[in-house]
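Chains, contacts and geometry: an overview
Chain by chain, the residues:
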Amino acid sequence: MSGSQFDGAQLDLFPSYMITKRSSRRFIVRTTEDGRGIQRCVARLCEHFGGRYVAREQGYIMSKAGVANMEAAYAKGYEAFFWLLSDKDR
């Protein structure tokens, strides 16, 4: 589909996270499980951008800016390892 309106767009049929508004300034980011017990890319990005896991909510509580940064990094294909934020392709 060269030159179409979907060039460069990420079309996920099964998104790997879901965002729920908790209050006026806080959001819950829930990751979908892959069944293997391995922490997914979204979970590592949430922790990198200041998310804190809350067992009661079964997700990461984050600020609006943190969610926006996490979504932008996920869309660009970044991966977070400990203190490093890098491109997945490298």
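See the structure shown above.
Attention here is on the structure that accompanies the text. Each chain carries its own residue numbering, running from 1 in the written order of its sequence. Residues qualify for local features only when their pLDDT is at least 70, as the model is predicted, and side-chain atom pairs are given and counted only at 80 or more; totals for whole chains, interfaces and linings, by contrast, use all residues. Working from all heavy atoms in the structure, the side-chain values ignore hydrogens and water.

Helix α2 (residues 64-76) packs onto helix α1 (residues 41-48) with a crossing angle of 140° between their chain directions and a minimal axis gap of 9 Å. Between α1 and α2, the interaxial angle falls into the category oblique. Crossing handedness for the pair α1 and α2: right-handed. In contact with Cys41, Val42, Leu45 and Cys46 of α1, α2 contributes Met70, Ala73 and Tyr74. Note on method: axes are straight lines fitted to C-alpha atoms, helices fitted across the in-contact stretch only, with angles between N-to-C directions ranging 0 to 180 degrees. Each helix is a run of H or I in the DSSP string that is no shorter than four residues. Each strand is a run of E no shorter than two, and both are numbered from the N terminus. Should an angle lie under 35 degrees it is considered roughly parallel, over 145 roughly antiparallel, and from 65 to 115 roughly perpendicular; all remaining angles are considered oblique. Note on convention: the crossing is left-handed when the near helix lies turned anticlockwise from the far helix by less than a right angle, right-handed when the turn is clockwise. What makes two residues a contact is simply this: any of their non-hydrogen atoms within 4.5 Å.

Moving on: the packing of aromatic side chains. Under the pairing criterion, centres of Phe, Tyr and Trp rings, with the six-membered ring standing for Trp, must be within 6.5 Å; the plane angle then separates stacked pairs below 30 degrees from edge-to-face pairs above 60, leaving the rest tilted. Tallying each qualifying case throughout the model produces 2 aromatic pairs. With a centroid separation of 5.5 Å and 90° between ring planes, the pair formed by tyrosine 17 and tyrosine 74 is classed as edge-to-face. Of this pair, tyrosine 17 sits in strand β1 (residues 17-21) while tyrosine 74 sits in helix α2, and the two are 57 residues apart along the sequence. Each of the two residues, tyrosine 17 as well as tyrosine 74, counts as buried. When the ring of tyrosine 53 is compared with that of tyrosine 60, the centres are 5.3 Å apart and the planes differ by 70°; the resulting orientation is edge-to-face. Only protein chains enter the accessibility calculation, which uses a 1.4 Å probe. A residue is then buried if its area is under 20% of the maximum for its type, exposed if over 50%, and partly exposed in between.

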